[in-house]
Structures are given as structure tokens and as C-alpha cells.
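# What the coordinates show
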Amino acid sequence: MIKIVNDFFDKKKYEQVMYHIKNNIYFTPRFFDDAKEKTKKYFYGERFNLNSDEALLNTFISQSEKKFNIKIKKVNFDCGIDLRNLDKFEPHVDSVGGAKVNVLVMLDGPIGVNTGTVFYTDNELDIHIGFRPNRAVLFPSDYYHSQHKCELKGIRRYTSTLFVEEYEDLF
């Protein structure tokens, strides 16, 4: 079950959120959990943990509930805003801390299929979801996925991820 929603925020709220992200929060370098060393090979990107900004976290939670018709009961402490280079495929699952579903919000970056997110079935690239600012994707945390690798150098994108541990469908 993969659900996609465009226009996650209304235009005014999207502009407010992006202003806040680009002007008021600080990112720190992040490496993959299984990194043997802190080198470019294991560099994930830069992250801001949403638990450092309760109002912003609650904005993403309430909008996710509204757009995906769910009630979020618990999110993982590692929810965050990421700023990443799109220089490699790195298939992984996000079953962090017992997460059941992820809400990935594409915030800012170049529009395109080769800048979005891909999903794998039986270790084969299967589903492409193109990047579009203000697009959100809800998917099971145990789905193998990756940012799409872009051949252009220096391409970066902002995304937000909620790792939802407990929720209920409201439909």
C-alpha cells in the first residue's frame, strides 16, 4: 500500500514551513546506522530532528492525519527533515524503533522522476515516484526504498520523514 498526495500543505502553510526550515533550523551530518566509519561512502546527508521543534513536528503530524485519513498515536524520536545529495541509490527499510508506516514529504528540490523515490520488489527496482515539492507519500516502513540517484552533480533535496509507530485508519 503506497499512497501519494500532492499539495500536502496549502500554499500559504507550505511557504511558512519552507521559510522556517531554510532560515530557522540547523542540520547536522548524518551517517547510515551500519557505518563502519564516518566517510563519504557512509554519509546519509544532513538531518534536523523534529523532536527539537515540537511545533513543526505537530504541523507534520496533523497534516499527515488530515491528508491520509489516519490518527497518529505515536511517532519515533528519529523523525526529521533531511537535506541530501542525490548521488547514489541506497536501498533500505525504515523499521526504526518499530515504525509501521512512513510519511515522506517532498519539500524542496528539482522536479523529476530521477530526483524522487524508488521502491523495490524482490530486489528489483519496481516503482518510481517523481519528486514534486509539497508531495507526500505514505508507505509501509518495511518496504525497500531509496532516493533516486541523479546523474547531474550537486543535486540536493529537502524531505521530511515521520516514522509512525502507532496509528489507526479512520476510513
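Preceding block: the structure.
Below is a summary of the structure that appears in this document. Worth saying up front: this structure is predicted, and the values here are computed from it rather than measured.

### What about helix H2 (residues 54-68)?
The end-to-end C-alpha separation of H2 is 21 Å, in line with the 21 Å expected for 15 residues at 1.5 Å each. Backbone geometry just downstream of H2 places Asn 69 in the positive-phi region, at approximately 55 degrees.

### A few points about helix H1 (residues 11-24)
Here H1 is 14 residues long and its end C-alpha atoms lie 19 Å apart, about the 20 Å a rise of 1.5 Å per residue gives. Within H1, burial applies to Tyr 14, Val 17, Met 18 and Ile 21. The buried residues of H1 all sit within an arc of 95 degrees when viewed along its axis, so they share a single face. In H1, the exposed positions that point more than 90 degrees away from the buried face belong to Lys 12 and Tyr 19.

### Quick word on the packing of aromatic side chains
For the coordinates displayed, the defined rule picks out 5 aromatic pairs. Between Phe 119 and Tyr 143, the ring centres sit 6.4 Å apart and the planes meet at 80 degrees, which makes this aromatic pair edge-to-face. With Phe 119 in strand E7 (residues 112-121) and Tyr 143 in the loop between strand E9 (135-140) and strand E10 (145-147), this pair connects stretches of sequence that are 24 residues apart. We classify Phe 119 as buried; its relative accessible area is 2%. Three or more aromatic residues joined by ring pairs make a cluster, and in this case those are Phe 8, Phe 9 and Phe 60.

### Let's talk about the nonpolar core
Ranked by internal contacts, the top residues of the largest apolar core, which has 33 residues, are Ile 21, Leu 50, Phe 60, Ile 81 and Leu 162. Elements with a contribution of two residues or more to this core: H1, H2, strand E4 (70-75), strand E5 (80-85), strand E6 (101-108), E9 and strand E11 (156-169). Discounting chain neighbours no more than four positions away, the residues touching Leu 50 are Leu 56, Leu 57, Phe 60, Cys 79, Gly 80, Ile 81, Ser 160 and Leu 162. Ranked by size, the runner-up nonpolar core spans 7 residues in total, among them Leu 104, Met 106, Phe 131 and Val 137.

### Focus: the environment of Gly 97
Structurally, Gly 97 is set in the loop between E5 and E6. On a C-alpha basis, the gap between Gly 97 and Phe 77 in space is 8.5 Å, while along the polypeptide they are 20 residues apart.

### Quick notes on unusual backbone geometry
For Asp 7, which is not a glycine, the phi torsion comes out positive at approximately 55 degrees. Tracing the sequence through the fold places Asp 7 in the loop between strand E1 (3-5) and H1. Exposure remark for Asp 7: the relative accessible area of 54% places this residue in the exposed category. Although it is not a glycine, Asn 134 sits at a positive phi angle of roughly 75 degrees. Of the residues examined, Asn 134 reaches a relative accessible area of 7% and is grouped as buried.

### Brief notes about the side chain of Ser 141
Inspection of the secondary structure puts Ser 141 in the loop between E9 and E10. A distance of 2.7 Å separates a polar atom in the side chain of Ser 141 from a polar atom in the side chain of Asn 102.

### Let's talk about the pattern of salt bridges
Scanning the model with the defined rule gives 8 salt bridges in all. Between Lys 11 and Glu 15 there is a salt bridge; the shortest N-O distance is 2.9 Å. Residue Lys 11 and its partner Glu 15 are located together in helix H1, separated by 4 residues, close to a single helical turn. A relative accessible area of 63% places Lys 11 in the exposed class. With a closest N to O distance of 2.7 Å, Asp 82 and Arg 47 form a salt bridge. Of this pair, Asp 82 sits in strand E5 while Arg 47 is found in strand E3 (residues 43-49), placing the two residues 35 residues apart along the sequence. What emerges from the salt-bridge pattern is a single network uniting Arg 47, Asp 78 and Asp 82.

Thresholds applied
- Residues numbered from 1 in each chain as written.
- Predicted model: local features only at pLDDT ≥ 70, side-chain atom pairs only at ≥ 80, totals over all residues.
- Heavy atoms only, no water.
- Helix = DSSP H or I, 4+ residues; strand = E, 2+ residues; numbered from the N terminus.
- Expected span 1.5 Å × (residues − 1).
- Buried < 20%, exposed > 50% of the residue type's maximum accessible area, 1.4 Å probe, protein only.
- Arc of directions from axis to C-beta.
- Phe/Tyr/Trp six-rings, centres within 6.5 Å; stacked < 30°, edge-to-face > 60°.
- Core = buried A, V, L, I, M, F, W, Y, C linked by side-chain atoms within 4.5 Å.
- Contact = heavy atoms within 4.5 Å.
- Polar contact = N/O pair within 3.5 Å; in protein donor to acceptor, adjacent residues only side chain to side chain.
- Salt bridge = Lys/Arg side-chain N within 4 Å of Asp/Glu carboxyl O.

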